[in-house]
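One letter stands for each residue in the lines below.
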Amino acid sequence: MTDAHTTVLEQWLAKEAEVRARMQEPGVIPLEKMKELSGLEFLQGILRGDFPVAHIGKTLDFFPVEGEAGRIVFQGTPGRQHYNPLGSVHGGYFCTLLDSAVGCAVQSMLPKGVGYTTLEIKVNLIRALTDKTGPVRAEGKVIQVGRQVGTAEGRIVDASGKIYAHATTTCLVFPLP
């Protein structure tokens, strides 16, 4: 490992400890509360520990660590519990991590009273993840968000910057009921 890799890894693990210390248990925020918040306000509330994290994040052990308008980062550490029968991390782990990152990037741009859902996601797996990879981050960035459609791109990287997968998404944008 290079000194730069070690430094980044230490920063990521410190950020993980900081975020885990303030994370709420998984849950669902009431729809009426969601309508009062912009997408960014909601995501920043999760990051501050004001709102519960997603159940899927708890199940697969990943969570948001950074967020701003148009960009969000999730971090997780793949382990044997994520393996397929072939001895590497199942593709569903990649897809779920990336869907969370790119979808929430779109959400971060939405005004109060507006929601989204994934219409399409395209994921390219570049190399295998294993329990020896260490922490990875999925960064989602908005390409464009309009009144009805939002698009974003994302990638999974390790602390040395090696890319493991990349994705694009198209999301349907709609008024919350």
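Residues numbered from 1 in each chain as written. Predicted model: local features only at pLDDT ≥ 70, side-chain atom pairs only at ≥ 80, totals over all residues. Heavy atoms only, no water.

(A) A look at the overall build of the chain. When helices and strands are counted, the chain shows five helices and eight strands. The helix and strand sequence of the chain, counted from the amino end, reads α-β-α-α-β-α-β-β-α-β-β-β-β. The globule rule puts the C-alpha radius of gyration for 177 residues at 16 Å, and the 16 Å found for the chain is close to it. For the chain, the spread of C-alpha atoms along the three principal axes comes to 50 × 35 × 30 Å. Across the 177 residues of the chain, 44% fall into the buried class. Long-range pairs, those at least 24 residues apart, make up 68% of the contacts in the chain between residues at least 6 apart in sequence. In the structure as shown, the chain presents an accessible area of about 8,900 Å², 56% of it carried by carbon and sulfur atoms. Across the chain, the 18 positively charged side chains and the 18 negatively charged ones have centroids separated by 3 Å. (Helix = DSSP H or I, 4+ residues; strand = E, 2+ residues; numbered from the N terminus. Rg over C-alpha atoms; globule rule 2.2 N^0.38 Å. Buried < 20%, exposed > 50% of the residue type's maximum accessible area, 1.4 Å probe, protein only. Contact = heavy atoms within 4.5 Å. Areas by Shrake-Rupley, 256 points an atom, 1.4 Å probe, with all protein chains shown as cover. Lys, Arg positive; Asp, Glu negative; His and termini not counted. Charge placed at Lys NZ, Arg CZ, Asp CG, Glu CD.)

(B) Geometry of the side chain of R137. Turning to its location among the elements, R137 is positioned in strand β6 (residues 136-145). At 3.1 Å, the side chain of R137 and the side chain of E66 are in polar contact. Beyond its immediate stretch of four places on either side in the chain, R137 contacts W12, K15, V65, E66, V73, F74, Q75, R155, I156 and V157. (Polar contact = N/O pair within 3.5 Å; in protein donor to acceptor, adjacent residues only side chain to side chain.)

(C) Main features of the pairing of strand β8 (residues 163-175). Alignment of strand β5 (residues 114-125) against β8, held across 11 bridges, turns out to be antiparallel. Counted as the bridge partner of K122 is T168 from β8. Here strand β7 (residues 149-158) runs beside β8; their pairing, made up of nine bridges, is antiparallel. Its bridge partner lying in β8, V157 is registered against I163. Where β7 folds back on β8, the antiparallel hairpin that results is connected by four residues, among which G161 adopts a positive phi of roughly 90 degrees. (Pairing = 2+ DSSP bridges.)

(D) Highlighting the pattern of salt bridges. Inspection of the entire model under this criterion finds 14 salt bridges. Residue E18 pairs with R22 through a salt bridge whose shortest N-O separation is 3.1 Å. Taken together, the positions of E18 and R22, both in helix α1 (residues 3-22) and four residues apart, correspond to about one turn of that helix. Given the relative accessible area of 39%, E18 is considered partly exposed. Here D131 makes a salt bridge to K132, at a shortest N to O gap of 3.6 Å. Because the salt bridges share partners, they merge into one network encompassing E66, E68, R71, R137 and E139. (Salt bridge = Lys/Arg side-chain N within 4 Å of Asp/Glu carboxyl O.)

(E) The sheet that holds β6, seen in detail. Reading across from one edge, β3-β4-β6-β7-β8-β5 is the order of the six strands in this open sheet, with antiparallel pairing throughout. A single partner strand is all that each edge strand has here, and the edge strands are β3 (62-68) and β5. Neighbour to neighbour, the strand axes of the sheet diverge by 25 degrees on average, direction disregarded. In this sheet, β6 lies alongside strand β4 (residues 71-76) in antiparallel orientation, the contact comprising six bridges. (Axes fitted to C-alpha atoms, helices over the stretch in contact; angles between N-to-C directions.)

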